[in-house]
Amino acid sequence: MDVRIRRSTGSPVVLGETDAEMEPVEAPVAGVPMQAAGRGAGGRRKSTRAVSKKRGEKKTRAKPARKRGTKPRRAGKVTTAKRAPAARTAGAGNGSGQGKANGAEPAPATKRAPAKTRRRMSAESMAGRQREISVSEFFTKNRHLLGFDSPARALLTAVKEGVDNSLDAAEEAGILPSVRVELVEIGDDRYRVVVEDNGPGIVKSQVPKVFGKLLYGSKFHRLRQSRGQQGIGISAAGMYGQLTTGKPVVITSKTGKGRSAHHFEIVIDTSRNTPEIIEDHTVKWERDHGTRIEIELEGTYKGGRRSVDEYLEQVAIANPHAEILYQPPKGRAPVHLPRAAEELPPEPTEIKPHPYGVELGALQSLLKETKARTLSSALQQEFSRVSAKVAERIVRTAGLEPRRRPRDLKPAEVESLHRAIPRVKIYAPPPSCVVPIGEHLVRCGLEREIQAEFYACTTRPPSVYRGNPFQVEAGLAYGGALRGFVEEDGSPHSTGRDADAQQGPITLLRMANRVPLQYQQSACATFNATVDTNWRQYGLPQPKGALPQGPMVLLVHVASVWVPFTSESKEAIAHYPEILKEIRLALKECGRKLGGYLRRREHQKREERRRGIFAMYIGELVESLGNLTRVDRSKLQKELSRLAARHTDGDAEAIVAPTRRVRGRRKAAKEEAR
Amino acid sequence: MSARPRKRRKKGDVASKLRELGEGAVRQIRAGSNPAVQIPARTLANVKYDRKRSIIELGDQTQTRALFNVGQARKYMQTFLVASACKDLLDAAKTTSIRDLYYITKHTIGGTKQNTFEEQEESDPIIEDLEVTIDSLREEMNLFASNRGAMVGDLTLVDAGDTIDLRRLGSGGWSVPSIVEENVIQFKRCNAKMILLVEKDAVWRRLNEDKFWKKHKAILIHGNGMAPRGVRRLCHRMVKELKLPLYVLVDNDPWGFYIYSVVKQGSINLAYESVRMAVPEARFVGLSSFDPKRFDLSSNVFIRLDETDQKRAKQMLAYPWFERKAWQREMHKMLKEGVKLEIEALSSKGISFISEEYLPRKIRERQYLV
Ligand SMILES: Nc1ncnc2c1ncn2[C@@H]1O[C@H](COP(=O)(O)OP(=O)(O)OP(=O)(O)O)[C@@H](O)[C@H]1O
Ligand SMILES: [Mg+2]
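What you are looking at is a predicted structure, and each value in this text was computed from that prediction instead of being measured. Sequence order as written defines the numbering, with residues in each chain counted from 1. Working convention: letters from A go to chains and numbers from 1 go to ligands, in the order in which they are written. Reporting in this predicted model follows two pLDDT cut-offs: at least 70 for local features of residues, and 80 or more for side-chain atom pairs to be given and counted; totals over whole chains, interfaces and linings ignore these cut-offs and use all residues. Side-chain measures were taken over the full set of non-hydrogen atoms in the model, leaving aside hydrogen atoms and water.

*Asks:* Just give me the short version of the site of ligand 1, but keep the residues and values in it.
*Replies:* All names here are of chain A. Close contacts around ligand 1 come from 21 residues, with Asn165, Ser218, Gln229, Gly233 and Lys570 the closest. Between N or O atoms, a polar contact is any pair within 3.5 Å; within protein, one atom must be a potential hydrogen donor and the other a potential acceptor, and residues adjacent in sequence are included only when both atoms are from side chains. Within the backbone of Gly233, one N or O atom sits 2.7 Å away from an oxygen atom of ligand 1. Take Ile234: an N or O atom from its main chain is 3.1 Å from an oxygen atom of ligand 1. Here, Shrake-Rupley sampling with a 1.4 Å probe gives the accessible areas, and only protein chains in the shown set may cover a residue. Compared with its free state, where it exposes 600 Å², ligand 1 has 92% of that area covered by protein. If you map ligand 1 onto the pockets, it falls in the largest pocket. A molecule or strand has a residue near it when one of that residue's heavy atoms lies within 4 Å. The way it works is a 1 Å grid over only the protein atoms, where trapped points that fit a 1.4 Å probe form a cavity and open points with protein on both sides within 12 Å along at least five of seven lines form a pocket, and then any residue with an atom within 4 Å of a point lines it. Assignment to a cavity or pocket requires that more than half of a molecule's atoms be within 2 Å of the site's grid points.

*Asks:* I'd like a rundown of unusual backbone geometry, residues and numbers included.
*Replies:* The peptide bond linking Gly286 of chain B to Leu287 of chain B adopts the cis configuration, its omega dihedral lying at -5°. Secondary structure elements are defined from DSSP: runs of H or I of at least 4 residues count as helices, runs of E of at least 2 residues count as strands, and each element is numbered from the N terminus. Its location among the elements puts Leu287 of chain B in the loop between strand E15 (283-286) and helix H10 (291-294). Positive phi outside glycine occurs at Arg514 of chain A, with the angle close to 70°. Accessible area is worked out with a 1.4 Å probe on protein chains only. A residue is then buried under 20% of its type maximum, exposed over 50%, and partly exposed in between. Given a relative accessible area of 5%, Arg514 of chain A falls into the buried group. Residue Arg366 of chain B is not a glycine yet carries a positive backbone phi of 50°. Assignment of secondary structure puts Arg366 of chain B in the segment after helix H13 (353-364). On the accessibility criterion, Arg366 of chain B (55% relative accessible area) is exposed.

*Asks:* Give a detailed account of the interface of chain A and chain B, specifying residues and quantitative values.
*Replies:* How big an interface is tends to be reported as the loss of accessible area on association of its parts. Taken together, the contacts link 25 residues of chain A with 34 residues of chain B. Buried area: the accessible area, evaluated with a 1.4 Å probe, that two parts lose upon being put together, summed over both parts. Carbon and sulfur atoms supply 71% of the area that chain A and chain B bury against each other, a total of about 2,600 Å² over both sides. Definition used for salt bridges: Asp or Glu carboxyl oxygen within 4 Å of a side-chain nitrogen of Lys or Arg. Across the contact surface, chain A and chain B share 1 salt bridge. Put simply, Arg30 of chain B and Glu639 of chain A hold a salt bridge, and the shortest N to O gap is 3.0 Å. Summed over the shared surface of chain A and chain B, the number is 8 residue pairs in polar contact (both at pLDDT 80 or more). When residues of the side of chain A that touches chain B are traced back to their parent elements, those giving at least two are helix H21 (577-629), helix H22 (633-647) and helix H23 (652-673) of chain A. Residue polarity follows a fixed list, in which Ala, Val, Leu, Ile, Met, Phe, Trp, Tyr, Cys and Pro are nonpolar, Asp, Glu, Lys and Arg are charged, and the others, Gly among them, are polar. For the side of chain A that touches chain B, the class distribution of residues is 14 nonpolar, 4 polar and 7 charged. Contacts: residue pairs with any heavy atoms within 4.5 Å of one another.

*Asks:* So, the environment of Arg443 of chain A: which residues are in play, and what are the values?
*Replies:* Here Arg443 of chain A is to be found in helix H18 (residues 439-449). The exposure class of Arg443 of chain A is partly exposed, given its relative accessible area of 34%.

*Asks:* Give a detailed account of the packing of aromatic side chains, specifying residues and quantitative values.
*Replies:* Aromatic pairing here means that ring centres of Phe, Tyr or Trp (its six-membered ring) are within 6.5 Å. Orientation follows from the plane angle: under 30 degrees is stacked, over 60 is edge-to-face, and everything else is tilted. Under the defined criterion, the tally for this structure stands at 24 aromatic pairs over all chains. The interplanar angle of 45° and the centroid separation of 4.7 Å between the aromatic rings of Tyr465 of chain A and Tyr576 of chain A together place this pair among those described as tilted. Note that Tyr465 of chain A is positioned in strand E10 (residues 463-465) and Tyr576 of chain A in the loop between strand E14 (552-560) and H21, a separation of 111 residues in sequence. What makes Tyr465 of chain A buried here is its relative accessible area of 0%. Taken together, a centroid distance of 5.1 Å and an interplanar angle of 50° make the contact between Phe284 of chain B and Trp327 of chain B tilted. With Phe284 of chain B in strand E15 and Trp327 of chain B in helix H12 (residues 325-337), the pair connects residues that are 43 residues apart, well separated along the chain. Exposure class is identical for Phe284 of chain B and Trp327 of chain B. Each is buried. Aromatic rings pair up to connect Tyr49, Phe257, Tyr260, Phe284, Tyr319, Trp321, Phe322 and Trp327 of chain B into one cluster. For a Lys NZ or an Arg CZ to count as sitting over a ring, it must be within 6 Å of the ring centre and within 35 degrees of the ring normal. The ring of Phe295 of chain B has Arg361 of chain B lying over it, and the distance from NZ or CZ to the ring centre is 4.5 Å.

*Asks:* Now, about the sheet that holds strand E9 (residues 162-165) of chain B: what can you tell me, with residues and values included?
*Replies:* Residue and element names in this part refer to chain B. What makes two strands pair is DSSP finding at least two bridges between them. Pairing is antiparallel in the open sheet, where 3 strands are placed in the order E9-E8-E11. Because the sheet does not close on itself, it has two edges, and the strands there are E9 and strand E11 (185-190). Adjacent strand axes in the sheet meet at a mean angle of 25°, parallel and antiparallel pairs treated alike. Bridge analysis of strand E8 (residues 155-159) against E11 gives 5 bridges, and the strand direction is antiparallel. Looking across to E11, one finds that Thr156 is bridged to Arg189. Axes here refer to lines fitted to C-alpha atoms; in helices the fit is confined to the stretch in contact. Angles between the N-to-C directions go from 0 to 180 degrees. Seen against the sheet, helix H7 (residues 229-242) touches E8 and E11 and runs at an angle of roughly 50° to E11.

*Asks:* Lay out the confidence of the model for chain B with the relevant residues and their values.
*Replies:* All names here are of chain B. A residue's pLDDT is simply how confident the predictor is in it, with values from 0 to 100. When pLDDT is averaged across chain B, the result is 88; 96% of the residues are at 70 or more. Between residues 1-12, whose pLDDT stays under 50, and residues either more than four places distant or in other chains, the model counts 29 contacts. Overall fold confidence (pTM) sits at 0.63, and the ipTM for the predicted complex is 0.74.

*Asks:* Tell me about the nonpolar core, residues and numbers included.
*Replies:* Buried Ala, Val, Leu, Ile, Met, Phe, Trp, Tyr and Cys residues form a nonpolar core when they are joined through side-chain atoms within 4.5 Å. Membership of the largest hydrophobic core comes to 104 residues, with the highest contact counts inside it found for Leu18, Met151, Leu155, Leu234 and Leu246 of chain B. Examining the composition of this core, we find that 11 residues originate from one element, helix H2 (residues 73-91) of chain B, more than from any other. Leave out the neighbours within four places in its chain, and Leu18 of chain B touches Leu628 of chain A together with Ala83, Cys86, Lys87, Leu90, Leu130, Ile134 and Met141 of chain B. In this structure, Ile251, Ile293, Ala316 and Val515 of chain A belong to the second largest nonpolar core, which totals 51 residues.

*Asks:* I'd love a proper account of the sheet that holds strand E7 (residues 323-327) of chain A, names of residues and values included.
*Replies:* Residue and element names in this part refer to chain A. Strand order across the open sheet formed by 8 strands is E5-E4-E3-E6-E2-E1-E7-E8, with mixed pairing between neighbours. Lying at the two open borders of the sheet, with one neighbouring strand each, are strand E5 (274-283) and strand E8 (335-337). The sheet shows a mean angle of 15° between the axes of neighbouring strands, direction not considered. Strand contacts of helix H10 (residues 151-172): strand E1 (178-187), strand E2 (190-197) and strand E6 (290-298), with the helix running at about 10° to E2, the strand carrying the most contacts.

*Asks:* Pulling in residues and values, what's your account of the layout of surface pockets?
*Replies:* Residue and element names in this part refer to chain A. Grid points are joined across faces, edges and corners, and a volume is the space filled by probe spheres set on the points. Considering only enclosed or pocket space, the largest pocket measures out at about 690 Å³ in volume. Taken together, 35 residues line the largest pocket, and the ones lying closest to its centre are Asn165, Ile202, Val210, Ser218 and Lys219. With 8 residues, H10 is the single largest residue contributor to the lining of the largest pocket.

*Asks:* Describe the packing of H10 of chain A against helix H12 (residues 233-245) of chain A, with residues and values.
*Replies:* All names here are of chain A. It is the contact of H10 with H12, at a shortest axis distance of 9 Å, that shows an interaxial angle of 145°. Of the two elements, H10 crosses H12, and the hand of that crossing is left-handed. Side by side, H10 and H12 meet where Pro151, Ala154, Ala158, Glu161, Gly162 and Asn165 of the first sit next to Gly233, Ile234, Ala237 and Tyr240 of the second. Residue composition of the contact of H10 with H12, grouped by class: 6 nonpolar, 3 polar and 1 charged. Working rule for handedness: look at the near helix, and if it is turned counterclockwise from the far one by less than a right angle, call the crossing left-handed; if clockwise, right-handed.

*Asks:* Can you explain the packing of helix H20 (residues 525-532) of chain A against H21 of chain A? Please cite residues and give values.
*Replies:* Residue and element names in this part refer to chain A. Relative to each other, H20 and H21 sit at 50°, their axes nearing to 9 Å. Viewed along their axes, H20 and H21 adopt a mutual orientation that is oblique. Remark: the crossing between H20 and H21 carries right-handed chirality. Across from Ala525, Thr526, Asn528, Ala529, Thr530 and Asp532 in H20, the residues of H21 making contact are Leu580, Ile583, Arg584 and Leu587. Split by residue class, the contact of H20 with H21 holds 5 nonpolar, 3 polar and 2 charged. An angle below 35 degrees is treated as roughly parallel, one above 145 as roughly antiparallel, one from 65 to 115 as roughly perpendicular, and anything else as oblique.

*Asks:* Before we move on, could you go through H2 of chain B and cite the residues and values that matter?
*Replies:* Expected span of a helix, by definition, is 1.5 Å for each gap between consecutive residues, and there is one gap fewer than residues. Between the first and last C-alpha of H2 of chain B there are 27 Å, a value that for 19 residues agrees with the 27 Å anticipated at 1.5 Å per step. Directly after H2 of chain B, the chain includes Ala93 of chain B, whose backbone phi takes a positive value near 50°.

This is the structure:
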């Protein structure tokens, strides 16, 4: 699976042109792992393959796609080819040294005749310019890929990376997470972001690499459900801070009671992608264990949609077992989001990849590097759910010998093996590797944050896309406080479809591995599945091709050992048909429950109206019948109220109250007349 | 001829019917069912002509009016509200107009902006519903319409305790009240041999002035146009109780025929009253379409039939009680000639032609239709 991108591989003509524009200012540094660069750029296996295979054709497409809002699926794949124009944009934008160097480069390729260019460059002259690019440099120029394109988003992304890591670490250590977030305004568009947790802490020797090196982490090389995946997150946040304020990242970490806490101040040497330790001493810290990071950065704080405030509220919904303490900036009141569940979610197990969906290149390198000595045992060792029987079947289907040495397979043979895999029935990956929030806790989370009148939640059984297990759940909260303000005349909120339509589109909360997604909603599979669902049949108005309307919050959570995001900033889930299908099914289940509720409510309202009518006339009727027959009026009144309740699906109380008043008033009026 | 009114019902009958209606409702409530009253449908589809008794009658169709039905609850309540008010009227032995009753029963329903009745148009049909439901006339429930019509003749009756000699009432006559039930009106002494109901007040006055009733031993009555309920009910009672023939004199036009038709068979709208109002044996004395020839009237008294006249005439051709040949001839003749004739047209032959020539001859020669 480790198909690496080497700058010198591929078509020299195409690359040469790119390089001519892209030439790094600083010399490549030995020792920066190429491997890491490959992973970082591609983000995920599939992507790296795509890049290496298709870089030629991608190059030309990359230009129009460089701005934000690139086609979701492509963003991951084209990273390498795309970086030239993107870097130019970024460089010009932030005015960094590298950017300026780039700005001095020749005019864009489109203005040049390609034939001429080719003649100008020789393979040798190009070779002189071909060298490695540090991943830190790459992301300095392409910081939008990581979610640092605008000051508002940068602030949110920094908080997000910190909180994600804190939750991941605490959970992995079996600690109920308690996370404190603080935003301190220290100047115009300048903030200090503080994220502190009660996690296991980070051992002293690892701290510099974790925070001062991109693509360094514990989560990439395994298939296990976690919030972080790439080993970029927190170091990228630190790098952004460093870039915009020149300040180091400050880390305090303690790994256990009685041990000393370490205080670090770290900057990243971007050209070499290595940490530079500015401060390193021990301090006293009242916590038993945990990590505190402080990043100073350029950012803007705002409330409302996509704000840090909202993000943390959503974190609380997705993580009912987490406690969140939040101190917003600008003298705002601190926020405490307590736990809704006192138990950690079950620990997701780590799995090996599932044979379904493994890519040819990945299979190839896997067979090369395996320690197994036969083809059959290689398949059993490297994949999950492959028994001896299954392995044999795959190999036979491919027309190969099970005892062959894996390394000896010719490319054509690997290909037939690859073709054979989908033809053999293999069990789905063990579901224990994905841990959903769970129906009950989704509900708890929604109830804690939203005072609605109706909740519905659904957790789908686990499923598989491209060999990766995943699980979808959905929850919705409808009505109640979501309905907004009371009507002008002070009457309670009107309900029904028309009122729902006035509310505008619903709010969609998108979650991936318990992380709320904030940006790129319309590029997300959850959004598309929601739009594709026919909500009208469940009683909500829905314009064609749009979200349904009404006072509703809809939560969609996709949990997976590997969530397929459309870009490194992890904001939108890719449109795998299997994922779309599961989301739709989850939405349907929730929708049906909502539909049932809305119908019941409609019925109740109708019955209430009827009850009101009957109640109104019962008082009169009792008077008339009392006069005609001299029956005991109060007894008759009670009997009629009971009857009315029976005939309107309601309780007698609702009837007794208004009619008593009616009778009382009439009597009083009569007495007055006399 | 003395006639002690034969009471068809005991006094207090209506009051007990009202009470029974209320008790029925209470029973239904106690039984836990949706209380409902069955009301004979007052629809055209539910009206039929009883050939044997030759009156218009309500059929057997009923409509259900239930309390626990959003569309019926209000009317259900109103039905009992009116019933209760009528009971009060009967208890207090007072009569009142239906307009009065509307005001008596109208009030805001406690705690709401709704009234029990919003307008009289709402309460009138409820009264009619109540009439058919308990099979009593509104007059029996002490509800009256305004007086209309007058009567003179060789008859003495008691009206609300006062004895009235109908021979001594001058030019105006006795104003016929709308309630002429046995408890209000009793017949005493009667020397009349027939009753003459005329359409118009003017004609009635002519006949009264000419003392037609005296010469021909008649009771002379008019309804000032379409005979009101009081007049019809009184005619019915006189025919039944005094055993007198009833002659009807109306204009020679479709409307006149219709007035006769209502007196004879009852109206379609209020078919339920027929039994106690219709006089199937009523005799149509005039004016006939053949009268101009018979009495040699000049053609300049004719009026052209207009379109509505034509339409109405054609409709009436289909009435079962006009099926007989004589009637068909009569109406076809009118349609063929295309003209109509007012009673007053007879005055062209002399001011007292009607009382001295026309009526005596027609009755004598039995030139009437039944
Ligand atoms: N608060 C923390 N407590 C303990 N370990 C931490 C903490 N923050 C980060 N780490 C460690 O540092 C590593 C790097 O973190 P980083 O955010 O850069 O990458 P990641 O979380 O693995 O992936 P992603 O780029 O998707 O966030 C993590 O994999 C984790 O092992
Ligand atoms: Mg992370």
